[in-house]
Amino acid sequence: MRERVGSVFGVANFSRAHETALDLEGLKAEAVGALKERAFGSFRVTTKRSYKGFPRTSGEIDREVGAAVHEATGVRVDLEHPELTLFVEVLQDRIFYSYEKQKGPGGFPVGTSGRVVALLSGGIDSPVAAWRLMKRGCTATLVHFHAFPLQDRTTMDKSRELARILTRFQFRTRLLLVPFAPVQQAIVAACPAPLRVVLYRRFMVRIAEALALRLRARALVTGESLGQVASQTLDNMAVIDEVAAGPILRPLVGMDKEEITAEARRIGTFETSTLPDQDCCQLYVPKSPAIAATLTQVLEAESALDRAALTQAAIAGTEEERFEFPPRAVGYNPNRIGEMES
């Protein structure tokens, strides 16, 4: 229960409470019994008296319980900076006491900030970016681009496992698997090699935005970090952003790889993210990708492509899988995107 509550966004802190009868002497005995075997250097008692018919005020309860604990343990009272705080809550028919307050993950409850579509590559960064938006109250639909059958299914398997891990934080997740190989083949056949990666990213944004529109999502989320790879320079990000009608959120843009890796370890995605796979973005990558593509260059290159047809074909081939936590029967749904709008 502690582990489950500790991963619910919107919970600032929590503690396990113990229940006792509506009796001050019983409370003192139980509190002393619970604390006398614990090691702590100072303490205080803080009482909330919801039931005003109780014959002692909150201050009187603080003093009497505190005196009993001090007498039994010899530990000093410190009202300003206690090492341990004994919380007492008096209700109409019982008393709760607790002393093990634990920090929750904070943030906002998932769903209170709307829906986003998060691009999930299978690497270290994108799951952390999705997790960060979940923490800010967004429900994240995950979109993974794959190059099967030009590559094997390892990256698709990784995306499924990452979706399962992230579902612990938002409880229900939709994973959309988008066939991207035809787009890549068209770009390789018709466009300059140095621009391939930027063109890949622009098509990913086009496709993801079309999916987001159908799913009523308000923004895209990526795991890009400024300057980390060729497509993530400021110039290239600006060119990629130009194709988007709505916002592209980049919660990791100012973080370095060590910081992102540490967060991936903490949330439990690192081990899966570092498994070997065949990422579609590595397919047909040129030796010298452009690091400062211009909009003029990119639009000229795209003029050789049927952008609408490639985008619609990718959407038509998109498959959906759904995950729940706690897991029930995981449904594999090969339905096309037209059936995903609920």
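Up top you'll find the structure we're talking about.
Residues numbered from 1 in each chain as written. Predicted model: local features only at pLDDT ≥ 70, side-chain atom pairs only at ≥ 80, totals over all residues. Heavy atoms only, no water.

**Side note on the overall build of the chain**
Helices and strands together make up the secondary structure of the chain, namely 12 helices and 14 strands. Relative to the 2.2 N^0.38 estimate, which gives 20 Å for 342 residues, the radius of gyration of the chain is 27 Å and therefore markedly larger than a compact globule would have. Along the three orthogonal principal directions, the C-alpha set of the chain runs to about 85 × 40 × 35 Å. Burial statistics for the chain: of 342 residues in total, 47% are counted as buried. By sequence separation, contacts in the chain at least 24 residues apart represent 79% of the contacts at least 6 residues apart. Summed over all atoms, the accessible surface of the chain reaches about 16,600 Å², with 52% contributed by carbon and sulfur. (Helix = DSSP H or I, 4+ residues; strand = E, 2+ residues; numbered from the N terminus. Rg over C-alpha atoms; globule rule 2.2 N^0.38 Å. Buried < 20%, exposed > 50% of the residue type's maximum accessible area, 1.4 Å probe, protein only. Contact = heavy atoms within 4.5 Å. Areas by Shrake-Rupley, 256 points an atom, 1.4 Å probe, with all protein chains shown as cover.)

**So, the side chain of Arg174**
Structurally, Arg174 is set in strand β10 (residues 172-179). Assessed through its relative accessible area of 10%, Arg174 is described here as buried.

**Some thoughts on the packing of helix α6 (residues 181-190) against helix α7 (residues 196-215)**
One can describe the packing of α6 onto α7 by two numbers: an axis separation of 10 Å at closest approach and a directional angle of 140°. Seen along the crossing, α6 lies across α7 with a hand that is right-handed. Between α6 and α7, the contacting residues are Val183, Gln184, Ile187 and Val188 on the first element and Arg196, Leu199, Tyr200 and Phe203 on the second. Taken together, the residues of the contact of α6 with α7 sort by class into 6 nonpolar, 1 polar and 1 charged. (Axes fitted to C-alpha atoms, helices over the stretch in contact; angles between N-to-C directions. Left-handed = near helix turned anticlockwise from the far one by under 90°. Nonpolar A, V, L, I, M, F, W, Y, C, P; charged D, E, K, R; others polar.)

**Quick look at the packing of aromatic side chains**
Within a pair of aromatic rings, the relevant descriptors are the distance that separates the centres and the angle that separates the planes. On inspection of all chains with the given rule, the structure shows 6 aromatic pairs. With a centroid separation of 6.2 Å and an interplanar angle of 85°, the aromatic rings of Phe40 and Phe43 are classed as edge-to-face. Looking at Phe40, the relative accessible area reads 10%, which means it is buried. Given the relative accessible area of 0%, Phe43 is considered buried. Ring centres of Trp131 and Phe169 lie 6.1 Å apart, and the angle between their planes is 85°; on these two criteria the pair is classed as edge-to-face. Here Trp131, found in helix α4 (residues 125-135), pairs with Phe169, found in helix α5 (residues 154-170); they are 38 residues apart in sequence, far enough to count as distant. An identical accessibility class is assigned to Trp131 and Phe169; each is buried. (Phe/Tyr/Trp six-rings, centres within 6.5 Å; stacked < 30°, edge-to-face > 60°.)

**Observations regarding the sheet that holds strand β5 (residues 84-90)**
Here 5 strands make up an open sheet; going across it, the order is β2-β6-β5-β3-β4 and the pairing mixed. Of all the strands in the sheet, the pair left with one neighbour each is β2 (18-20) and β4 (76-77). With 3 bridges joining them, β2 and strand β6 (residues 95-98) adopt antiparallel strand pairing. Its bridge partner lying in β6, Glu19 is registered against Phe96. Most of the contacts of helix α2 (residues 24-35) go to β6, to which it runs at about 20°, and overall it touches β2, β5 and β6. Set on the sheet, helix α3 (residues 58-73) makes contact with β3 (42-49), β4 and β5; between it and β3 the angle comes to about 150°. (Pairing = 2+ DSSP bridges.)

**Some thoughts on the pattern of salt bridges**
With the rule as written, the count across this model stands at 23 salt bridges. Residue Arg94 pairs with Asp93 through a salt bridge whose shortest N-O separation is 3.0 Å. With relative accessibility at 28%, the residue Arg94 sits in the partly exposed group. For Asp241, the salt bridge identified is with Arg250, shortest N-O distance 2.7 Å. (Salt bridge = Lys/Arg side-chain N within 4 Å of Asp/Glu carboxyl O.)

**Notes on the side chain of Thr20**
With respect to the helices, strands and loops of the structure, Thr20 is situated in strand β2. There is a polar contact of 3.0 Å between the side chain of Thr20 and the side chain of Glu30. Filtering out sequence-adjacent residues up to four positions away, Thr20 remains in contact with Gly26, Leu27, Glu30, Arg94, Ile95 and Tyr97. (Polar contact = N/O pair within 3.5 Å; in protein donor to acceptor, adjacent residues only side chain to side chain.)

**Some words on the layout of surface pockets**
Here the largest pocket is characterised by a volume of approximately 700 Å³. Along the wall of the largest pocket there are 33 residues; nearest its centre are Ser121, Gln232, Asp279, Cys281 and Gln282. Elements with a contribution of two residues or more to the lining of the largest pocket: α4, β9 (138-146) and α7. Tallied by class, the residues present in the lining of the largest pocket amount to 14 nonpolar, 12 polar and 7 charged. (1 Å grid on protein atoms, 1.4 Å probe; cavity = no way out; pocket = protein on both sides within 12 Å on 5 of 7 lines; lining within 4 Å. Points joined across faces, edges and corners; volume = space filled by probe spheres on them.)

**A word on unusual backbone geometry**
Residue Pro149 follows Phe148 across a cis peptide bond; omega there is 15°. Mapped onto the elements, Pro149 comes out in the loop between β9 and α5. The amide bond that connects Phe325 to the next residue, Pro326, takes the cis arrangement and shows omega of 0°. Counting through the fold element by element, Pro326 comes out in the loop between β13 (319-324) and β14 (332-333). Of note in the backbone geometry, Phe171 takes a positive phi value of approximately 75° without being a glycine. Considering the arrangement of structural elements, one finds Phe171 in the loop between α5 and β10. You will see that Arg216, though not glycine, has its phi angle at about 60°, which is positive. Judged by relative accessible area, Arg216 falls into the exposed class, the value being 63%.

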